[in-house]
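Spelled out, the chains give:
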Amino acid sequence: MMAAAAIKEPVGMVKSSRSQSQLDERNKENTFSSEFLDDTNTSARKNKDTTLISALHNKYSTSSMKSMHCQIFLASNAPGKTASGNFRVPENLTLDMCQITSAGLRDDVARLCSGVRELDLAQNRIESWEEVWNILDLIPKLEFLNLTKNPLRQLTASCGRRKYERLRKLVLNFTNLTWETIENLLAVLPNLEELYLSGNSYDKIDLNMPAYESLRLLQLTENKFEDWSCILKIDKVFPKLCTLILAHNKISTCGSVEDNETAFRHLQVLNMNNTFISEWDELGKLSVIKSVADIRLHSIPLVQNYDELKRRQLVVVYFPHVSRLNGSVISDSERDTAERVYLRHFQNIPDKPLWYNKLVGKHGNIDPLANVNLQPASTVSMTVICGVREELFDIPTKQTIGQLKTSLRKFVGSKKFRLYHDDKCQGPTEIRTNNRFVWALNFRDGETLICDHIEPASPCQSPGSSPVKCQSYMPPRKSSYQSQRSPRKDSDSSDSSSPPTPTKEPPLKKR
């Protein structure tokens, strides 16, 4: 590389004159030269491979290189950069789907990635475990490593390999690594706390190793487990496990009560979403794992035929010690209501679950709920009076008062009439709305509707005076009509709380 004094700065980014000491200081702050990047890119193009360093360059570098020998600077507000604008790798580094096959030059990885704590290399092309060891050797602060969907070879032995005590979380989803490889990995990762092994086609646990007590979370989603006895082996290998994720497996049975009572003494979270549990008594077998406080049972066949509320209530009953079901807190009142719903649900079913008898001992025999229909009747039988005429009609309740008046025109013999409701308690009251539904006025069978039709105003009648009643109509309590009238001027004004436009109802039926 040329002398530092000969390195040119991008115009407009930094000052044109720099001392030797200033440039050396810049180099210490994780700047790297385009000469190295050019060599790296040339090698990558030649071998059709990508290193971790070249992937860093492609993701974070600028296009402001003015010559073969210049330093790369990004805007000072870019993520993961220092205040002066120099290139610096962020602590949480994501380089997924970058076709990475190797780490790159050791000195550059050590200098650029010295502060990285989390590294995501999912869906790359890393095959050799030697490259993984290089990454762990050169990034001493690394705590999280994601190698999902990398074509890693099997690891046959780890003898003589130094231990990587800082790594806490390792993701090996969809890598198809054998249990022998996992066992060899755990031998060099003594402090691993979280291990993700989803989508590796496991149908059994084949680990022949001493108890590994540091692991707290194990994810085995989308494997091929069916036998609960395989799951119990996890407790022997990882006795301090706190979270076990078994979602999307073919588990349909949950072993025996006796075996589960002594297993998983430290387990707090159990995820069995999308498993094949289809019997109520299998939930009872899970309930004896007393340490579990959070359980996930979404989308199991057992409760798919119920609505969401009923589904939750029937499952809550089986876990009196659990504080969360499917992520939601279970209150004491919810639990008590769920137990009563459970008893009523199985009350008339011949083949009752074993849990039913336990709840009967707690609550006794629960009376079934009364079948109360709060829906309004479809019709109401009322007497309609107009003058001396009187008829009994079945009046549909899902029509408006305006529609009712239209239906009564033929009976009244006029298009213009007033309508009164007589409930036999308060006397006749004029109905001054057209838009309210009949059911909203609480009409009852046996009550009376009174029609008072109106004649057109006579020529000698002054404008604005009240219309003249039909002489043939003789209401039984004339004074009560006037006393019950509202001072409102518009008798056909709509009610503010009226429902939307009703559906068309059948005509009135005479009784």
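Presented here is a report on the structure given in the accompanying data block.

The rules we used
Residues numbered from 1 in each chain as written. Predicted model: local features only at pLDDT ≥ 70, side-chain atom pairs only at ≥ 80, totals over all residues. Heavy atoms only, no water. Helix = DSSP H or I, 4+ residues; strand = E, 2+ residues; numbered from the N terminus. Buried < 20%, exposed > 50% of the residue type's maximum accessible area, 1.4 Å probe, protein only. Contact = heavy atoms within 4.5 Å. Areas by Shrake-Rupley, 256 points an atom, 1.4 Å probe, with all protein chains shown as cover. Pairing = 2+ DSSP bridges. Arc of directions from axis to C-beta. Salt bridge = Lys/Arg side-chain N within 4 Å of Asp/Glu carboxyl O.

### A few points about the overall build of the chain
Along its length, the chain carries 14 helices and 20 strands. Sorting the 511 residues of the chain into buried and exposed places 46% on the buried side. Sequence-distant contacts, at least 24 apart, represent 69% of the contacts inside the chain between residues at least 6 apart. Summing over all exposed atoms, the chain offers an accessible surface of approximately 27,400 Å²; the carbon and sulfur share of this is 48%.

### Some thoughts on the pairing of strand S14 (residues 379–386)
In terms of residue burial, S14 counts as a mostly covered element, since six of its eight residues are buried. Note that S14 and strand S15 (residues 389–396) share eight bridges and pair antiparallel. Bridge pairing in S15 places Thr379 opposite Pro396. Hairpin connection between S14 and S15: a loop of two residues separates the two successive antiparallel strands, and Gly387 in this loop has a positive phi of roughly 65°.

### Brief notes about helix H12 (residues 354–363)
When H12 is considered as a whole, its buried residues turn out to be Trp355, Tyr356, Leu359 and His363. The buried side chains of H12 occupy one side of the element, clustering within an arc of 105° when seen end-on. Across from the buried face of H12, at angles greater than 90 degrees, the exposed residues are Leu354, Asn357, Lys358 and Gly361. Elements that come into contact with the buried residues of H12 comprise helix H9 (280–286) and helix H11 (332–346).

### What about the pattern of salt bridges?
Where charged atoms from two side chains of opposite charge come close, those side chains can pair. Throughout the structure, instances matching the rule amount to 15 salt bridges. Note that Glu334 and Arg312 form a salt bridge whose closest N and O atoms lie 2.5 Å from each other. Taken as a pair, Glu334 in helix H11 and Arg312 in helix H10 (residues 308–316) lie far apart in primary sequence, 22 residues in all. Residue Arg312 is classed as buried on the basis of its relative accessible area of 18%. For Lys362, the salt bridge is made with Glu339, and the minimal N-O distance between the two is 3.0 Å. With Lys362 in helix H12 and Glu339 in helix H11, this pair connects stretches of sequence that are 23 residues apart. On the basis of relative accessible area, Lys362 is assigned to the exposed category, the value being 55%.

### Comments concerning the sheet that holds strand S12 (residues 324–325)
Taken in spatial order, the eleven strands make up an open sheet running S2-S4-S5-S6-S7-S8-S9-S10-S11-S12-S13, and their pairing is mixed. The outermost strands of the open sheet, each flanked by one partner alone, are strand S2 (92–94) and strand S13 (328–329).

### Quick look at the side chain of His363
Inspection of the secondary structure assignment puts His363 in helix H12. Relative accessible area serves as the criterion here: at 18%, His363 is assigned to the buried category. Sequence-distant contacts of His363, defined by excluding residues within four places in its chain, comprise Asp336, Glu339, Arg340 and Leu343.

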